[in-house]
Amino acid sequence: MEVNLKLQDVTLFRGGERTVLREVVDKRAVLLIILRHSGCPLCREHLVVTEGMLAEIPTDRCQVVGICQGDGAEALALEQELELSFPVYADPDAALYRELDMPHGSWWQVTLGPMLRQPLKAIKRMRDVRRPGKDVRQLGGVVLLSSAMEPLYRYVQRDSGDLPGDDEVLSAVAAHCS
C-alpha cells in the first residue's frame, strides 16, 4: 500500500514545538486518540481511560498520541492537566481529521441527541465550544496507524458521546502490534 503523502506531512503542534506526523510516527505503530476538541469532557475522559490502558499496550511496538483541535499551548496544557504520560498534539488546521476522513456531525449528533440522553454532561460540555479555533461539529475517534502510516484500525464517532470500548481498542492493538 502506498503511503499517503499528505497524511505524513500533516503539521502538528505541542507547546511551542512544531512537527509533522511522519516525525511523530517512529518505527512503531501509533494509536491516535482523536478528540472532538480539547474541552469535550467525554473526549478528555477517554484520554484518561486510555492512560489507564497503557500497561496493556506493548510500548516497544505501539505508541499512543492524543490529537485535538486548537493550538500547541492548548494541547500541552491538556496533556499536563490530565497528567498523561503520552503526548497530545494540536492540529489547528484539522488536516489530520480530513486526511483520516473524520466526518462532521450534524447539530443533532453533537448537541441535541447527546443532550437528551445525558443532559448534565452535555451542558458541561458546552462551556468550551465558543472558543476560537474549535469546530464543534467535528467528530473524533480512534485510529491505529502502522509505522508506514497505513490505517490498521479506525473507529469514528457516530455522535459526540460515542467512543469505542476499551476491549475493542486493545483487541485492535493486540491484533496488529504483537
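What you see as residue numbers is a count from 1 along each chain, following the sequence as written. Given that this is a predicted model, residues contribute local features only at a pLDDT of at least 70 and side-chain atom pairs are listed and counted only at 80 or more, while totals for whole chains, interfaces and linings are drawn from all residues. Derived side-chain values reflect all non-hydrogen atoms in the structure, with water molecules and hydrogen atoms excluded from consideration.

A.B. asks: Please provide a residue-by-residue account of the nonpolar core, values included.
C.D. replies: Put simply, a nonpolar core is a bunch of buried Ala, Val, Leu, Ile, Met, Phe, Trp, Tyr and Cys residues held in one set by side-chain atoms that sit within 4.5 Å of each other. Type-normalised accessible area, obtained with a 1.4 Å probe on protein chains alone, sets the label of each residue: buried when under 20%, exposed when over 50%, and partly exposed for intermediate values. If you look at the biggest cluster of nonpolar residues, it comprises 29 residues, and the most contacted ones within it are Leu 31, Ile 57 and Cys 62. A run of H or I in DSSP becomes a helix once it reaches four residues, and a run of E becomes a strand once it reaches two; helices and strands are each numbered from the N terminus. Counting residues per element, the ones that place at least two in this core are strand E3 (29-34), helix H3 (41-53), strand E4 (62-68), helix H4 (72-81), strand E5 (88-90), strand E6 (141-145), strand E7 (151-156) and helix H8 (166-177). With five residues, the single largest contributor to this core is H8. Not counting the four nearest positions on each side in its chain, Ile 57 is found in contact with Leu 31, Cys 62, Val 64, Leu 170 and Val 173. Ranked by size, the runner-up nonpolar core spans 21 residues in total, among them Ile 34, Ala 94, Leu 96 and Met 149. Should any heavy atoms of two residues lie within 4.5 Å, those residues are counted as being in contact.

A.B. asks: Please set out unusual backbone geometry residue by residue, giving values where relevant.
C.D. replies: Notably, Glu 83 is not glycine yet its phi reads approximately 55°, a positive angle. Along the chain, Glu 83 turns up in the loop between H4 and E5. Overall, the relative accessible area of 67% leaves Glu 83 in the exposed class. Phi is positive for Met 149, close to 65°, though the residue is something other than glycine. Within the secondary structure, Met 149 sits in the loop between E6 and E7. Looking at Met 149, the relative accessible area reads 6%, which means it is buried.

A.B. asks: An account of the pattern of salt bridges is requested, with residue identities and associated values reported.
C.D. replies: Any Lys or Arg side-chain nitrogen located within 4 Å of an Asp or Glu carboxyl oxygen qualifies as a salt bridge. Enumeration over the complete set of coordinates arrives at five salt bridges. For Asp 9, the salt bridge is made with Arg 22, and the minimal N-O distance between the two is 1.8 Å. A residue pair is termed long-range when its members are at least 10 positions apart, and Asp 9 in the loop between helix H1 (5-8) and strand E1 (11-14) and Arg 22 in helix H2 (residues 21-24) qualify at 13 residues. Among the residues examined, Arg 22 registers a relative accessible area of 39% and is labelled partly exposed. With a shortest N-O distance of 2.7 Å, Glu 79 and Arg 14 are connected by a salt bridge. Taken together, the residues span a long stretch of sequence, with Glu 79 in helix H4 and Arg 14 in strand E1 at a distance of 65 residues.

A.B. asks: So what about H4? Which residues, and what values?
C.D. replies: Taken as a whole, H4 has its buried residues at Gly 72, Glu 74, Ala 75, Leu 78 and Glu 79. The arc that holds the buried residues of H4, viewed along the axis, is 165°, so those residues lie on one side. Structural note: H4 exposes Gln 80 and Glu 81 on the side pointing more than 90 degrees away from its buried face. On its buried face, H4 sits against E1, H3, E4 and E5. N or O atoms closer than or at 3.5 Å make up a polar contact, with two conditions inside protein: a donor-capable atom paired with an acceptor-capable one, and, for residues adjacent in sequence, both atoms drawn from side chains. The N-capping residue of H4, defined by a side-chain oxygen 3.2 Å from the backbone nitrogen of Ala 73, is Asp 71. Residue Glu 83 follows H4 closely and has a positive phi angle near 55°. Each C-beta atom gives one direction from the helix axis, and the arc is the one those directions make.

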